[in-house]
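# Residue-level structural notes
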Amino acid sequence: MNTAVTSKEDILKTSRELIRRQGWSAINIRSVAAACGVSVGSIYNYFDSKSALASATVESVWREIFPHPEDEAVFHDTQAYITWMYEQMERGCRQYPGFFTLHSLGFLQEEKADGKRRMQQAWRHIIDGLLSVLKQDGRIRADAFTEQFTAERFSDVLFSLTLSALLRQDHDPAPVLEIVRRTLY
C-alpha cells in the first residue's frame, strides 16, 4: 500500500467517484483509503471521523453539481439562474444516482442537530448564489420585497422548492419560473 499522504482534494475526488460507482454507503475511512491507495492514517490526517469525511464529500458533490456558472450573465437574471439550477440538478441526478435522497437520510440518521447543520453547510453556497442573483436582477420590481418578505426569505423559499423538485426528480423549472414571474416582475 502507498502510505504517502495524499491531498484533501484527492481524497474528496476519490470519494465522489466511489459514490458514483457504488453509492453513498461506499463512503467510509477504510474504503476511501483503499481506493486512494493510502493508509487509513493518511485519511485521518485530513478527516477525524467517518462523519467528517462524509460531510466534506457531500459538500464537494454539491459544489461539483452546482459550480460557479461559467456564464456570468446568469447572475443577473433570476429566471436564467433557476433554469441553470434545474439543468445542474438533472446532470447531478445522472452523475450520482440516488445520491440526493440517500445523503439526506444519511445526515438525518446522525445526531439530528449536527446532521441538520451539515446539510445546511452543504447547501449554503447554493442559497447564497440565489440571494446574489435576486440582489443583482435589475428587472425585479422595486416593491417586490418588503421587511417581512425579504430577498433572503425568498431565496430560502426558492431553494426549498428546488430541493423538493430534486427529491421528486422533477427537472422541469416551469412552475418555479412562473412563481418567480408572478412574484418579482
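Conventions and cut-offs
- Residues numbered from 1 in each chain as written.
- Predicted model: local features only at pLDDT ≥ 70, side-chain atom pairs only at ≥ 80, totals over all residues.
- Heavy atoms only, no water.
- Helix = DSSP H or I, 4+ residues; strand = E, 2+ residues; numbered from the N terminus.
- Buried < 20%, exposed > 50% of the residue type's maximum accessible area, 1.4 Å probe, protein only.
- Contact = heavy atoms within 4.5 Å.
- Areas by Shrake-Rupley, 256 points an atom, 1.4 Å probe, with all protein chains shown as cover.
- Patch = residues over 30% accessible without salt bridge, like charges linked within 9 Å, V, L, I, M, F, W, Y side chains within 5 Å.
- Salt bridge = Lys/Arg side-chain N within 4 Å of Asp/Glu carboxyl O.

### Re the overall build of the protein chain
A count of helical and extended segments in the protein chain gives 9 helices and 0 strands. Per-residue burial over the protein chain gives 46% buried out of 185 residues. Relative to all contacts within the protein chain whose residues are 6 or more apart in sequence, the contacts with residues 24 or more apart total 72%. Accessible surface, the protein chain: about 9700 Å² in total, of which carbon and sulfur atoms supply 52%.

### Side note on a nonpolar patch on the surface
Side chains of V157, L161 and I179 sit close together on the surface and give an oily, nonpolar patch of about 200 Å² of accessible area. Tracing the backbone shows V157 in helix α8 (residues 151-168). For V157, a relative accessible area of 39% gives the class partly exposed.

### Section: the pattern of salt bridges
Per the counting criterion, the structure on display carries 13 salt bridges. A salt bridge links E17 to R21; its shortest N-O distance comes to 3.5 Å. Within this pair, E17 and its partner R21 are both found in helix α1 (residues 8-22), separated by 4 residues, close to a single helical turn. What makes R21 exposed here is its relative accessible area of 54%. Here the salt bridges do not stand alone but share partners, grouping E9, R16, E17, R20, R21 and E64 into one network.

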